[in-house]
Amino acid sequence: MKDRILVVDDMEMNREILKGIFEEDYEVILAENGREAVEYINSNRGKLAAILLDIVMPEMDGFGVLDYMHEQHLMMSVPVILITSDTSSESRKRGYDLGVSDIVSKPFEVPIVRRRVSNLVDLYHHKNNLEAMVEKQTEEIKEKNRELTEMNYHIIDTLGTIVEFRSMESGNHIYRVRSFTAILLKYVIKYYPEYGVTEDMADVISHASTMHDVGKITVPDSILLKPGKLTREEFELMKTHTSKGAEIIREIFVTDNMIFKEYCYNIALSHHEKWDGKGYPQGLKEDEIPLAAQVVSIADVYDALVSDRVYKPAFSYDVAYQMILDGECGQFNPKLMDCFRMARKEFEQKAKELQ
């Protein structure tokens, strides 16, 4: 099947001459003015190998056609060759500014115009094929990344669930924390854009929250399952689940998504840090604490309060909410507390859904 070129000229003789030059190698479409050309271009997008365009025409001139193609972002997909008797530098500059590939002055030499058009058609074929190949490869890479991401999410869900069952807690804990994290981040995105959180980042952080307590695998059952208050020595050992969790993620967590791994690491290590510097394991304060860990900390504390644990019964939603605001569970970022206030009802609804 022959490539198709569009010849646009108000002079019938010029149209026929150009048709005679190219009809052996191309399917030649003729248009006698710019408006007719635009209608054809609009209904045949992606089907033209080249456009040969006169400038001076009735109804719509060649520059009108170029303006339309420029607005529709069509100049990069098909070469446009101006074939005109207007040889002024102003017209040539305007044509090149609008993205034409070449300008041929009338009267023209047949072998030269044939070769120039042929070269441009070949060049754009190569360019478009290369872009299509790159786009296909990009989609293949994206699909592989999606598959890898889903595999990573499945792995961390499994690890998180193992930790929660070992802690004698409902497996829904990790899903509640993930949900609370997502809810809180929604308000961060809307009301605190200075943190630069996007929807994609929020999704990654929410999934990474599943790994917040993975270090509890290293804590002895006698401490992890103790129903009463821990001794000082036991609590010091319990606190190591943060640094141990970070080590586990750093050493054995396999992923090509380094951003995802970084979020998992920061959350596991720093989700017990407090805004006033009185948390652990590093005593970080304020925005020294990674934002992802700050958000997950609130989600984790809220779920711990409204859920039954081996060491306490569940608090009511109202009491848990007030305890967090009053600082009974440590100090949190004031901006995140604003988000927590706004998200109160959503937290309660999600907690009821995932009991």
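Computed from a predicted structure; not experimentally measured.

Some remarks on the overall build of the protein
Phase 1: Secondary structure summary: the protein contains 15 helices and 5 strands in total.
Phase 2: Against the compact-globule benchmark of 20 Å for 355 residues, the protein has a radius of gyration of 33 Å, which places it well outside the compact range.
Phase 3: In terms of overall dimensions, the protein has C-alpha extents of about 100 × 35 × 35 Å along its principal axes.
Phase 4: In the protein, which comprises 355 residues, the proportion classed as buried is 48%.
Phase 5: Counted over contacts in the protein with a minimum sequence separation of 6, partners at least 24 positions apart contribute 63%.
Phase 6: Split by element, the accessible area of the protein, about 18600 Å² in all, is 53% carbon and sulfur.
Phase 7: The distance from the centre of the 43 positive side-chain charges to the centre of the 61 negative ones in the protein is 5 Å.

Quick word on the UniProt feature "modified residue: 4-aspartylphosphate" (unreviewed entry) in the protein
Phase 1: Here the UniProt feature "modified residue: 4-aspartylphosphate" (unreviewed entry) sits at Asp54.
Phase 2: Relative to the elements of secondary structure, Asp54 occurs in the loop between β3 (50-53) and α3 (62-71).
Phase 3: Apart from residues lying up to four places away in sequence, Asp54 is in contact with Val8, Asp9, Asp10, Gly62, Ile83, Thr84 and Lys106.

Re the environment of Gln331
Phase 1: Residue placement: Gln331 occurs in the loop between α13 (317-325) and α14 (334-342).
Phase 2: According to the relative accessible area criterion, Gln331 is partly exposed, its value standing at 38%.
Phase 3: Taking the C-alpha atoms as reference, Gln331 lies 8.7 Å from Gly277; in sequence the two are 54 residues apart.
Phase 4: Look past the residues within four positions of Gln331 in its chain and what remains in contact with it is Lys274, Trp275 and Asp276.

A word on helix α15 (residues 344-353)
Phase 1: For α15, the set of buried residues is Phe347, Glu348 and Ala351. One side of α15 holds all its buried residues, which, seen down the axis, span an arc of 95°.
Phase 2: Summarising the contacts, the buried residues of α15 are in contact with α6 (172-191), α12 (291-306), α13 and α14.

A short note on the pairing of β3
Consecutive residues of a regular strand have side chains that alternate between opposite faces of the sheet.
Phase 1: The two faces of β3 match: Ala50 and Leu52 on one face and Ile51 and Leu53 on the other face are all buried.
Phase 2: Note that β3 and strand β4 (residues 80-84) share 3 bridges and pair parallel. In the sheet register, Ile51 faces β4, and the bridge partner there is Val80.
Phase 3: After leaving β3, the chain enters α3 and then returns to the sheet as β4, a path that is right-handed.

A look at the domain arrangement of the protein
Phase 1: Each assigned domain of the protein is listed with its residue range as follows: domain 1 (4-137) and domain 2 (168-354).
Phase 2: A separation of 61 Å is found between the C-alpha centroids of domain 1 and domain 2.

As for the sheet that holds strand β2 (residues 26-31)
Phase 1: Spatial strand order, β2-β1-β3-β4-β5: 5 strands in an open sheet with parallel pairing. Taken across any chain shown, the strands that pair with only one partner, and hence form the sheet edges, are β2 and β5 (102-105). Sheet twist, expressed as the average angle between the axes of neighbouring strands with direction ignored, equals 20°.
Phase 2: Alignment of strand β1 (residues 3-8) against β3, held across 4 bridges, turns out to be parallel. Bridged to Val8 within β3 is Leu53.
Phase 3: Together, β1, β2, β3 and β4 form the strand contacts of helix α1 (residues 12-22), whose direction differs from that of β2 by roughly 170°.

Observations concerning the packing of aromatic side chains
Phase 1: Scanning the entire structure with this criterion turns up 9 aromatic pairs.
Phase 2: Aromatic pair Phe340 and Phe347: ring centres 5.4 Å apart, planes at 85°, arrangement edge-to-face.
Phase 3: Overall, Phe347 belongs to the buried group, its relative accessible area being 0%.
Phase 4: Among the aromatic residues, ring-to-ring pairing joins Phe180, Tyr302, Tyr321, Phe340 and Phe347 into one connected group.
Phase 5: Note that Arg94 overlies the ring of Phe63, its terminal NZ or CZ placed 4.1 Å from the centroid.

What counts, and where the lines are drawn
Residues numbered from 1 in each chain as written. Predicted model: local features only at pLDDT ≥ 70, side-chain atom pairs only at ≥ 80, totals over all residues. Heavy atoms only, no water. Helix = DSSP H or I, 4+ residues; strand = E, 2+ residues; numbered from the N terminus. Rg over C-alpha atoms; globule rule 2.2 N^0.38 Å. Buried < 20%, exposed > 50% of the residue type's maximum accessible area, 1.4 Å probe, protein only. Contact = heavy atoms within 4.5 Å. Areas by Shrake-Rupley, 256 points an atom, 1.4 Å probe, with all protein chains shown as cover. Lys, Arg positive; Asp, Glu negative; His and termini not counted. Charge placed at Lys NZ, Arg CZ, Asp CG, Glu CD. UniProt positions renumbered as here; feature names shortened; annotations may be inferred. Arc of directions from axis to C-beta. Pairing = 2+ DSSP bridges. Right-handed = clockwise from strand over helix to strand, strands pointing away. Domains from an automatic or database assignment. Axes fitted to C-alpha atoms, helices over the stretch in contact; angles between N-to-C directions. Phe/Tyr/Trp six-rings, centres within 6.5 Å; stacked < 30°, edge-to-face > 60°. Lys NZ or Arg CZ within 6 Å of the ring centre and 35° of its normal.

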